[in-house]
Amino acid sequence: MSDTVIETSFAKDTGPAVVRAEHLGLTFPTGDGDVVALSDVNLTINKGDFVSFIGPSGCGKTTFLRTIADLEKPTSGTLTINGMSAEEARRARAYGYVFQAPALYPWRTIEKNIALPLEIMGYAPAQQAERIKRTMDLVNLSGFEKKYPWQLSGGMQQRASIARALAFDADLLLMDEPFGALDEIVRDHLNSELLKLWDRTQKTICFVTHSIPEAVYLSTKIVVMSPRPGRVTDVIESTLPRERPLDIRETPEFLAIAARVRDGLRAGHSYDGEHV
Amino acid sequence: MSDTVIETSFAKDTGPAVVRAEHLGLTFPTGDGDVVALSDVNLTINKGDFVSFIGPSGCGKTTFLRTIADLEKPTSGTLTINGMSAEEARRARAYGYVFQAPALYPWRTIEKNIALPLEIMGYAPAQQAERIKRTMDLVNLSGFEKKYPWQLSGGMQQRASIARALAFDADLLLMDEPFGALDEIVRDHLNSELLKLWDRTQKTICFVTHSIPEAVYLSTKIVVMSPRPGRVTDVIESTLPRERPLDIRETPEFLAIAARVRDGLRAGHSYDGEHV
Amino acid sequence: MRSDLSSLQLYLALVAAGTGLAGLLAGLPTLGAAPLLTAFYALATLSLARLVMPWSLWLDLLLALLGAVALIASLPPGAAMPLHHWLALFSAWALAWLFVERLSAAIRRGRLPETGIGLIIPVLFGLALLVIWEVVTRGANVPPVLLPPPSAIWARLTAEVPLLWADFVQTFIKSVIPGYIIGCLAGLAVAIAVDRSPFLKAGVMPIGNFMSALPIIGIAPIMVMWFGFDWQSKAAVVVAMTFFPMLVNTVAGLNAASAIERDLMTTYAASYWQTLMKLRLPAAGPFIFNALKINSTLALIGAIVAEFFGTPVVGMGFRISTGVGRLAIDLVWAEIAVAAVAGSAFYAGVALVERAVTFWHPSVRGGRA
Amino acid sequence: ALDALTLQLKWVTQAQFAGYLVAESKGFYDEENLDITILPGGPNIAPEQVIAGGGADIIVTWMAAGMAARESGVPLVNIAQPFKRSGLMMICPTETGITEVADFPGHTLGVWFFGNEYPFFAWMNKEGIPTDGSAGGVTVLQQSFDIQPMIQGQADCISVMTYNEYGQALDAGYGPENLTIFNYTEMGNDLLEDGLYVMEDSLDDPAKVDAYTRFVKASMKGWQYALENPEEAAQIVVDMDDTGAATLEHQLYMVGEVSKLVDADDPALNMETYDRTVQALLDQSIIKATPEGAYTTVVTDALK
Amino acid sequence: MTRILPVLTILLAILLFWYAMAVHMNAPWQTTLNTRADLTEVPFTTFAQQTWAQDKPVLPAPHQVITEIWNATVALELSSKRSLAYHGWITLSATLLGFAFGTALGVLLAVAIIHNDASDRSLMPWIIASQTIPILAVAPMVVVGLGAVGLTGLVPKALISMYLSFFPVVVGMVKGLRSPENIQLDLMRTYDASPWQVFWKLRWPAAMPFLFASMKVGIAISLIGAVVAELSNASGGGLGVRLLTGSYNGQTVQIWAALFIAAGLAAILVALVGSAERLVNRRMGARA
Ligand SMILES: Nc1ncnc2c1ncn2[C@@H]1O[C@H](COP(=O)(O)OP(=O)(O)OP(=O)(O)O)[C@@H](O)[C@H]1O
Ligand SMILES: Nc1ncnc2c1ncn2[C@@H]1O[C@H](COP(=O)(O)OP(=O)(O)OP(=O)(O)O)[C@@H](O)[C@H]1O
Ligand SMILES: [Mg+2]
Ligand SMILES: [Mg+2]
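Residues numbered from 1 in each chain as written. Chains lettered and ligands numbered in written order. Predicted model: local features only at pLDDT ≥ 70, side-chain atom pairs only at ≥ 80, totals over all residues. Heavy atoms only, no water.

Let me state the cut-off plainly: UniProt positions are given in the numbering used here, feature names are shortened, and annotations may be inferred rather than shown by experiment.
You'll find chain C entered in an unreviewed UniProt entry as ABC transporter permease, with Devosia sediminis given as the organism. A UniProt comment under Subcellular location (unreviewed entry) is attached to chain C, and it reads "Cell membrane".

Written out as structure tokens, the structure reads:
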């Protein structure tokens, strides 16, 4: 968990870098003093990586994703996306983003909410209809096309917002706790759907989660963060094969990675070891 | 999973009933047809019970909690809380509610948000300060007293809303996925804190979660629900002892209960067995 | 005590019955003179029976109406009315209020349908105002050149329909409607333009605030000077009047979208216009409708006021100003009544559209607009 | 104590009411043991309405409006008539080609309303020129209280008072040489203007009648003083104008013009003009019946 | 500087346009005058200057208005009846009093409407109807009526101001007080908060943006109300009276000067409400 670990993981990177952060720092000024949300973050994400971010609440995961998405400006360090600045990448519509909160527009029905990015990016109506149907099926929301957001349960809203981000083709997917409000069965289902999609389309995915098994199951690379100030404490390259049946979760290799993640996570907590 | 199972679980109830639902049904009229959110729900929750609700997204867990809280009116059946109607119970401030979304007031700082119920219920200022401090410590938010909600991360907002519900003394706690946005370590910590609190105060707790281990670890009774229409498919009485160290989660007894819950959950899903 | 009465309702019931009884006692000496009124006193007193037996809310309505009719029928011509008439007025008013309270409670509980029945309440409120007006002006001998009773206004209104219609066309159709449309569109357009460019916003908003605050009354003679005597100058005044509320509200509304809703648009690299059309304008809807509603009444006032400063000899403002000079106050009020009805209908139309368009806003979802 | 009376003027504070303002300022009312409050009027104030509402004891108004009000249920009675002639005129720039009444049809004429329109309609009625927009008639415009419609060319002819707007027209560069002037008095179409009116029932009270008599007496003294000392009178008017709008120059002009209309020595109603006024109002059916008791001579008789 | 520059630019554009319009609109009359004076062949620059120096122009040139404002304020004693500052103060006091009444009445009515079904159903349509009554028509009758019961001076003006300014406040506040999200209301229900508590702790803060938007409109309208009232009550002065007397005497420059003072007052008042809004926003922790 020292800097050298991070350096070694850098060394292993091969494919072209999609996201490259160097000495990235971000400080929020607030009424009663500054909050350092990110400090000296160094990270390279390569094309086709599935990167999970895990870390205690408030450690800067969302902030990091928002910085990649050009929703926050870093206060120090550099960040490039596909060799471009974050702003250029955003203008090139390089990514799809699933926010931590659903952020559905209340004046649009669910299907219209999913249509929103398609309208903006100028998809033909027929294509829009086809994609809406496909992604709504994928997240199991068929039958709720014409409902308004406030008529859905929390988990359904979250699934609608996932469908919205999957409806258009972005090479980079930024997902902030997308499955947080979903039950295990749906989660398993969506996990394997996501893996299939990733495998088929060679997308690069940045995925924030609080579930260690989920992180290990999905990722090629797991980034462990710790708070105050938010920094990267460990980057773990997964040695699991790309093809992953659900029962891989019981293999010793899987459990070993999970244990390493859990250790990293625990190290970032103040009440370390207090309740084991 | 037949009605008889429920009946037998009724038979086992002993302490005085805190929540008693009989043939409870609730239908939402919407623009394009009615949505049956609850149908023929029969359930008794006794004093001191820790009841978890688990079920696929959209199966009516939130709706059921809201009905107990007198935020929705059932369209059929009867519901009594402590022998009173739901409305009388609400007027008697019988419960504290943690919503699925944080619902913090944006114009109040975190500490003021936690003070809200205390102000309303007329606690003395000194007492308010003491309780705010205690609950903020409990959910690990010390240092963020003077921040506004939008300056907190998603998980921190959720913890603030938990602190708000714990700040005053209600015998019945209704918690709708309170730990959904928290990492495993904080979750474990809060789980055991919640168990301690429950043990110490003999509160009755209704707890919605999507995590099967969490449900089994915490509960004396697990209610499995299934959607369209929302109904109770299984009520599982936990045979685990009241005293529960974290490593109880590896015992065969624990795993057996978890398996039964997982089966119940899977039965409620449409893509049953598709991805195992 | 019957438990379905709230404390306010109970209080009203006691007031109604109490004043009824007092009226009965005070009116005893002249009992035979006004049998209808005596009957009302007796029944109002009897309504106390509601405390021991069911008492339909419709009975309260009937009683209130009886009281109103009895009062108007027994108003002494030319002389101030006796004390007990005031008691009757008070009692009837309390009964009407009680009825309204009970009716709206019944609607809220879903015992009576909202549509149709809900309309009774504002109508009754208006009727009550009219009855009080009639009784007070006639009963207290208010000079008709100060305030004529509604009956006189109604008589004048029905006698002058063609005249009133011509005035309505001149003022409402020719001045208000075009002025309103141009003013609102201009306000909206400028708000969007201003919102688009920080430079414009910094430059236009202070000056816009300044211009908009020009009192209409000063604008009116100038507009008449510039645009002539006919409807064009009135429409110009309406434009000037409706512009500001639209500008202020739209600028506020364009900022109403929440941070995360905007972030979503940012992630799509949506163009300015896409963000405007798909997020900021819908989110601004409630604010824009607020302005449209305020403007619907301002526009009419503006046109009428402008007509005070020179017109062809037709128009509501013209009729009102000359009417006062000629002491044809009943005609003035007839004109005002037409203005009020037209303005309210205009407002109601806008409000209906608002409910349909901003159905998603909590203020509409949770109740009435 | 002093007897308190309130006087409601027909228009804003200006030399048209110099007599009353001078009497107040010079203390003539105090000498008569009167405490007078003078309320200025304006384009939206109907003195008849103010007196009916009890806001004034005496009003200054035109006879046509006073008689019309009497028929609408405000029993006004003329107690004195210091103005003997009308100051109302219609002027038309020569460019319009109007030189006589027969030229009017087809043209647009500016008329003041708010109770000031009766003389015009009486005149048109007499000439047989329709005003309802029908063929062969004139188009009537509600004119603002200034000469803008003429300058703007929005009206071919406009109404003016000799002592006010006519002066504005002269100031604006219109000389008598490029105007055609129709003077109501010269045409014999004048209706009585600024008279003093009170409510009929107040005349039943001898104390009131006495106060009115002293009021008229002091007012006439004021008029005499004003006409003899126009400069001082104009200055008094300017000083008493709360709005600060009156200018000395214009008020001086106004005193000069008003002096041609007022008879400062005799406040009594001239019965010949009275009868003519009433006849004109009847002809034009502004009033329906010959008024009874619409004037009284008790006050002016007591002053003789 | 970054704040001043845009204002100056726009101001300059307006001034240029205005001078051009002044030439255009005053030209016909100037031509008439010149023809009468047998002046032909006036060069354009001279002609333009003539149009900017008329005594009673259709559209006075900006410098004429500014000179008049200067002469009527700074150059005069404050207590002088010719001073626009004096008249401005009269109007301002009526405006402020009326605005205070109007805001209070508006908020009270909104509260009643929110909390009582019967008042919601019965009041709202009539509040709206009340605003369709042309105030200028009623104002004189109100002034006469109040005068008859002995109320004169500031109060009738303030009442008319109030009549106009309460309306935007009612409409805005009804909307604002109903704007809290359902979940925020639900939270209050779970505490069994009294209506009073729900009001102070939830509805009122949530309605703040609406209140300020309404108050900005309200205070501008309130000034209009005061001016309208002054038109019906020529005694006592005020900007409205100045407008009116300027209008009888064809003193366009005086009208414009009074108008600008009135507009300036209103702009300052709106700006004051705006700074109050920012202050409150900061105290409520709004995002910068
Ligand atoms: N206000 C409403 N109007 C219409 N339908 C509603 C409304 N609220 C909930 N529903 C419907 O009721 C059903 C149950 O919703 P509920 O919120 O209780 O689900 P849940 O079990 O809490 O799901 P989740 O785990 O996703 O939060 C859903 O199908 C939802 O669409
Ligand atoms: N707009 C803001 N202003 C001030 N501080 C902020 C702001 N946004 C985030 N923060 C602070 O930055 C830190 C990191 O927040 P962030 O949302 O990135 O956490 P996170 O890792 O996503 O946590 P969680 O798992 O709870 O969502 C937190 O301490 C938070 O208080
Ligand atoms: Mg986060
Ligand atoms: Mg839920």
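1. Some points on the coordination of the magnesium ion (ligand 4)
All names here are of chain B. Heads up, the rule is: Note that water is not among the atoms considered, so a metal site may appear incomplete; the donors listed are N, O and S atoms within 2.8 Å of the metal, with 3.2 Å applied to Na, K and Ca. A run of DSSP states H or I qualifies as a helix once it reaches four residues; a run of E qualifies as a strand once it reaches two. Both are numbered from the N-terminal end. Buried, partly exposed and exposed residues are distinguished by accessible area as a fraction of the type maximum, computed with a 1.4 Å probe on protein chains only: under 20%, between the cut-offs, and over 50%, respectively.
Every protein donor of the magnesium ion (ligand 4) is listed here as Thr62 (OG1) and Gln100 (OE1), and their distances to the metal cover 1.9 to 2.2 Å. Linking Thr62 in helix H2 (residues 61-68) with Gln100 in the loop between strand S5 (95-98) and helix H4 (110-120), this pair joins segments that are 38 residues apart in sequence. The exposure class of Thr62 is partly exposed, given its relative accessible area of 23%.

2. Digging into the sheet that holds strand S6 (residues 172-176) of chain B
Within a beta sheet, neighbouring strands are joined by backbone hydrogen bonds and run either parallel or antiparallel to one another. Residue and element names in this part refer to chain B. What counts, and what does not: At least two bridges found by DSSP between two strands are what make those strands a pair. Axes here mean lines fitted to C-alpha atoms, for a helix over just the part in contact, with angles spanning 0 to 180 degrees between N-to-C directions. Note on contacts: a residue pair is in contact if any heavy atoms of the two residues lie within 4.5 Å.
The strand order S5-S6-S7-S3-S8-S9 describes an open sheet built from 6 strands, whose pairing is mixed. Each end of this open sheet is capped by a strand with a single partner; those strands are S5 and strand S9 (231-237). Averaged over all adjacent pairs, the angle separating strand axes in this sheet is 15°, with direction ignored. Where strand S3 (residues 50-54) lies against strand S8 (residues 221-226), 4 bridges are found, and the strand directions are parallel. Counted as the bridge partner of Phe53 is Val223 from S8. Contacting S3, S5, S6, strand S7 (204-208) and S8, H2 crosses the sheet at an angle of about 155° to S6.

3. A few points about the interface of chain C and chain E
Note the threshold: Defined in terms of a 1.4 Å probe, buried area is the accessible area two parts forfeit on being brought together, summed over both. Any carboxyl oxygen of Asp or Glu within 4 Å of a side-chain nitrogen of Lys or Arg constitutes a salt bridge here. Any pair of N or O atoms that falls within 3.5 Å is considered a polar contact. Within protein, one atom must be able to donate a hydrogen and the other to accept it, and sequence-neighbouring residues count only if both atoms are side-chain atoms.
Contacts between the two partners involve 68 residues from chain C, matched on the other side by 65 residues from chain E. Regarding the contact of chain C and chain E, the summed buried area is about 5,900 Å², with carbon and sulfur atoms giving 79% of it. The tally of links between chain C and chain E comes to 1 salt bridge. Here Lys175 of chain E makes a salt bridge to Glu354 of chain C, at a shortest N to O gap of 2.9 Å. Scanning the region where chain C abuts chain E turns up 3 residue pairs in polar contact (both at pLDDT 80 or more).

4. What about the site of ligand 1?
As a reminder of what qualifies: Put simply, a residue is near a molecule or strand once any heavy atom of it comes within 4 Å of that molecule or strand. All accessible areas in this document rest on Shrake-Rupley with a 1.4 Å probe, and a residue is counted as covered only by the protein chains that are shown. In this count, Pro and Cys sit with the nonpolar residues alongside Ala, Val, Leu, Ile, Met, Phe, Trp and Tyr, while Asp, Glu, Lys and Arg are called charged and the others, Gly among them, polar.
Near ligand 1 lie 22 residues; those nearest to it are Gln151, Ser153 and Gly155 of chain A together with Thr62 and Thr63 of chain B. Residue neighbours of ligand 1 fall on chains A and B, so the site bridges chains. Interatomic distance of 2.7 Å between a backbone N/O atom of Gln151 of chain A and an oxygen atom of ligand 1. A total of 630 Å² of accessible area belongs to ligand 1 in isolation, and the protein chains cover 91% of it. Of all elements in the fold, only helix H6 (154-166) of chain A together with strand S1 (17-30), strand S2 (33-46) and H2 of chain B reach the threshold of two or more residues within the shell around ligand 1. Its residues assigned to classes, the shell around ligand 1 comprises 8 nonpolar, 12 polar and 2 charged.

5. A short note on the site of ligand 2
In the vicinity of ligand 2, 22 residues are found, and the nearest of them are Thr62 and Thr63 of chain A together with Gln151, Ser153 and Gly155 of chain B. Flanking ligand 2 are residues from chains A and B. At 3.4 Å from an oxygen atom of ligand 2 is found a side-chain nitrogen or oxygen belonging to Glu177 of chain A. Those elements that place two or more of their residues in the shell around ligand 2 are strand S1 (17-30), strand S2 (33-46) and helix H2 (61-68) of chain A together with helix H6 (154-166) of chain B. Residues of the shell around ligand 2, tallied by class, amount to 8 nonpolar, 12 polar and 2 charged.

6. A word on the interface of chain D and chain C
Each partner contributes residues to the interface: chain D has 23 residues there, and chain C has 22 residues. Buried surface at the junction of chain D and chain C, both sides included, amounts to about 1,900 Å², of which 63% is carbon and sulfur. Linking chain D with chain C are 0 salt bridges, by the criterion used here. Of all elements in the fold, only helix H3 (47-52), strand S7 (139-142) and helix H6 (148-151) of chain D reach the threshold of two or more residues within the side of chain D that touches chain C. Tallied by class, residues from the side of chain D that touches chain C come to 10 nonpolar, 11 polar and 2 charged. Pairing geometry for strand S1 (residues 311-312) of chain C and S7 of chain D, over 2 bridges, is antiparallel. Bridge pairing in S7 of chain D places Pro312 of chain C opposite Leu141 of chain D.

7. Section: unusual backbone geometry
Residue and element names in this part refer to chain A. Despite not being glycine, His23 has its phi angle at roughly 50°, a positive value. By secondary structure assignment, the location of His23 is in strand S1. Notably, Gln202 is not glycine yet its phi reads approximately 60°, a positive angle. Position of Gln202 among the secondary structure elements: in the loop between helix H7 (184-201) and strand S7 (204-208).

8. Description of the pattern of salt bridges
Residues and elements named next belong to chain B. Throughout the structure, instances matching the rule amount to 52 salt bridges over all chains. Salt-bridge contacts for Glu87 lead to Arg91; the nearest nitrogen and oxygen are separated by 3.3 Å. Here Arg91 and Glu87 lie together in helix H3 (residues 86-91), a separation of 4 residues that amounts to about one turn. Residue classification places Glu87 among the partly exposed residues on the basis of a relative accessible area of 35%. By relative accessible area, which is 47% here, Arg91 ends up partly exposed. For the salt bridge of Asp137 with Lys133, the shortest nitrogen-to-oxygen distance reads 2.8 Å. Taken together, the residues Asp137 and Lys133, both in helix H5 (residues 125-138) and 4 residues apart, mark about one turn of the helix.

9. Re the arrangement of the chains
The structure contains 6 pairs of chains in contact, of which chains C and E account for the largest number of contacts. Chain B shows no contact with chain C. Their nearest C-alpha atoms sit 10 Å apart.

10. Considerations on the domain arrangement of chain C
We apply this condition: Residue ranges assigned to each domain were obtained from an automatic or database domain assignment.
The domains assigned to chain C are domain 1 (7-142) and domain 2 (158-365). The C-alpha-based centres of domain 1 of chain C and domain 2 of chain C are spaced at 40 Å.

11. A look at helix H9 (residues 206-228) of chain D
Rule in force here: One less than the number of residues in a helix, times 1.5 Å, gives the span that helix is expected to have.
Between the first and last C-alpha of H9 of chain D there are 33 Å, a value that for 23 residues agrees with the 33 Å anticipated at 1.5 Å per step. Regarding H9 of chain D, its N-cap is Asp205 of chain D, as a side-chain oxygen of that residue lies 3.0 Å from the backbone nitrogen of Ala207 of chain D further along.

12. Regarding the packing of helix H13 (residues 316-325) of chain C against helix H14 (residues 329-357) of chain C
All names here are of chain C. We apply this condition: If an angle is under 35 degrees, it is roughly parallel; if it is over 145, roughly antiparallel; if it lies from 65 to 115, roughly perpendicular; otherwise it is oblique. By the definition used in this description, the sense in which the near helix is turned from the far one sets the handedness, with an anticlockwise turn below a right angle giving left-handed and a clockwise turn giving right-handed.
Between H13 and H14, whose axes approach to 8 Å, the crossing angle comes to 155°. Considered as vectors, H13 and H14 are oriented roughly antiparallel to each other. By crossing handedness, the relation of H13 to H14 is classed as left-handed. Seen from H13, the contacting residues are Met316, Arg319, Ile320, Gly323 and Val324; seen from H14, they are Ile329, Leu331, Val332, Glu335, Ile336, Val338 and Ala339. Classifying every residue of the contact of H13 with H14 by side-chain character gives 9 nonpolar, 1 polar and 2 charged.

13. Examining the pairing of strand S6 (residues 172-176) of chain A
Residues and elements named next belong to chain A. Extensive coverage of S6 is indicated by the burial of 5 of its 5 residues. Where burial is concerned, the two faces of S6 agree: the one with Leu172, Leu174 and Asp176 and the one with Leu173 and Met175 are both buried. As judged from the 4 bridges shared by strand S5 (residues 95-98) and S6, these two strands associate in the parallel manner. The residue of S6 that forms the bridge with Tyr97 is Leu174. Sheet analysis places S6 next to S7, joined by 5 bridges and oriented parallel. Bridge pairing in S7 links Leu174 to Cys206.

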